[in-house]
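Examining the three-dimensional arrangement
Listed here are the chains, written in short residue letters.
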Amino acid sequence: MLNFCSLYSGSSGNSLFVETANTKILIDAGVSSKKIEQSLLDINVDPKTIDAILVTHEHTDHVQGLGTLSKKFDLPVFVNQETLDAMPKQKDKIAEKNIKKFIVSDKFSIGDLEIKPFSIPHDAANPCGFSIWKEDKKISIVTDIGHMTNDILKNLEESLFIMLEANYDPEVLRCSSYPFTLKSRIAGPTRPFIK
Ligand SMILES: [Zn+2]
C-alpha cells in the first residue's frame, strides 16, 4: 500500500500526506496546525500517528504550521540546512532532536519509505521536490516550479503518480500589477516576459 492525499494545495497553503501500512508522513505544513489536524481527521488519520514532516522550501504557504505541529506531536522535521536557516521563526519551535537534516540528492529512509530530494527552480533558499519509494512503487512530488528542467524530468521517470504544481496563467501574469522583474521571474528563463 502506498497512498497519497493532497490536504491543501495552492497559494493559500500546501500540505500533502503519504502513507503505507507502517509509515505516515506529511510533505509541508503550509496552513495552521489546527487545520492540518482537522484535514487528517477528515480522512480518518489520527494526527498522533504521523511519523515525520518533509519540507520542500521555507515559504510561508509551505511551513506556516510546521513548528507548531512538530512541537505538539513531537515530530521529526526533515529539511535541508539552507531551508532551515531561512525560516528562523519555525526553527525556534522545533526541538533540536527533531531536526533531521538531509542533503539534496542523497536518499534517506523514514519507516518503510525511501526518499530522494532533488533540486527544483524556485526563488527559495534551496527548494526541492521529492521522489518517494515503497519497495518498487515510486511517487514524485514537485511544487511551485516556474519551469521544467531535464533534471526534474529525470527524477519523475518511472513514477506511478506525479504531483506537479506550477501555477501561473500567462494572461493573468501579463495583466497583473507585478513589476517587470517579478513577471519575468515567474514566466521563467525560456519564456522571457514581454511587457
Ligand atoms: Zn514557494
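Here we summarise the structure given alongside this text. Small disclaimer: the values here were computed from a predicted structure and weren't measured.

**Some points on helix H1 (residues 33-42)**
Here H1 has its buried residues at Ile36, Glu37 and Leu40. What you see down the axis of H1 is that its buried residues fit within an arc of 100°, all on one side. What points out from H1, more than 90 degrees from its buried face, is the exposed set Lys34, Leu41 and Asp42. In the core, the buried residues of H1 are packed alongside strand S1 (3-8), strand S2 (15-19) and helix H3 (66-73). Asn44 occupies a position one or two residues after H1 and carries a positive phi of about 65°.

**Describing the pairing of strand S11 (residues 161-164)**
Sheet topology note: the strand S10 (residues 137-142)/S11 ladder contains four bridges and is parallel. Pairing of Ile139 across the sheet is with Phe161, part of S11. Where the polypeptide runs from S10 across helix H6 (residues 150-156) and back to S11, its parallel neighbour, the crossover connection is right-handed.

**Some words on the sheet that holds strand S8 (residues 113-119)**
Pairing between the strands of a sheet comes from backbone hydrogen bonds, and it takes one of two forms, parallel or antiparallel. As summarised here, the arrangement of the five strands in space is S7-S8-S9-S10-S11, forming an open sheet in which the pairing is mixed. One side of each edge strand has no neighbouring strand; the edge strands of this open sheet are strand S7 (108-110) and S11. Taking the axes of each pair of neighbouring strands and ignoring which way they run, one obtains an average angle of 25° across the sheet.

**Details of the sheet that holds S1**
Across the sheet, six strands lie side by side as S1-S2-S3-S4-S5-S6; this open sheet has mixed pairing. The open sheet has two edge strands with one neighbour each: S1 and strand S6 (99-101). Mean inter-strand twist for the sheet, computed between neighbouring axes without regard to direction, equals 25°. The sheet contact formed by strand S4 (residues 52-54) and strand S5 (residues 77-79) spans two bridges and is parallel. Looking at S5, one finds that Leu54 is bridged to Phe78.

**Details of the nonpolar core**
The tendency in soluble globular proteins is for nonpolar side chains to be buried as a group. Counting 36 residues, the largest nonpolar core has Ile25, Leu26, Ile27, Ile53, Leu54, Val55 and Val77 as the members making the most contacts within it. Aside from chain neighbours lying at most four places away, what touches Leu54 is Ile25, Ile27, Phe78, Ile115 and Phe130.

**Details of H3**
Spacing of three or four residues puts side chains on the same side of an α-helix, whose turn is 3.6 residues. Within H3, the full set of buried residues consists of Leu66, Leu69 and Ser70. Along the long axis of H3, the arc covered by the buried residues comes to 95°, so they all point the same way. Where H3 is buried, its residues touch H1, S4, helix H2 (60-63), S5 and helix H5 (88-93). Asp74 sits one or two positions beyond H3 and adopts a positive phi of about 55°.

What counts, and at which threshold
- Each chain has its residues counted from 1, running along the sequence as written.
- In keeping with the model being predicted, local features are shown solely for residues with a pLDDT of at least 70 and side-chain atom pairs are shown and tallied solely at 80 or more, while totals for entire chains, interfaces and linings include all residues.
- Whether a residue is buried, exposed or partly exposed follows from its count of other C-beta atoms within 10 Å of its own C-beta, namely 20 or more, 12 or fewer, or something in between, respectively; the C-beta atoms are built from the backbone.
- Working definition: helices are DSSP H or I runs of at least four residues, strands are E runs of at least two. Numbering for both runs from the N terminus.
- What the arc covers is the set of directions going from the helix axis to the C-beta atoms.
- Any two residues are considered in contact once their C-beta atoms, placed from the backbone, lie within 7 Å.
- Note on pairing: DSSP must find at least two bridges between two strands before they are called paired.
- We call a crossover right-handed when, viewed with the strands running away from us, the connection from the first strand over the helix to the second turns clockwise.
- Axis lines are fitted through C-alpha atoms, for helices just across the contact stretch, and the angle between N-to-C directions can take any value from 0 to 180 degrees.
- Among buried residues, those of type Ala, Val, Leu, Ile, Met, Phe, Trp, Tyr and Cys that are joined through C-beta atoms within 7 Å form a set called a nonpolar core.

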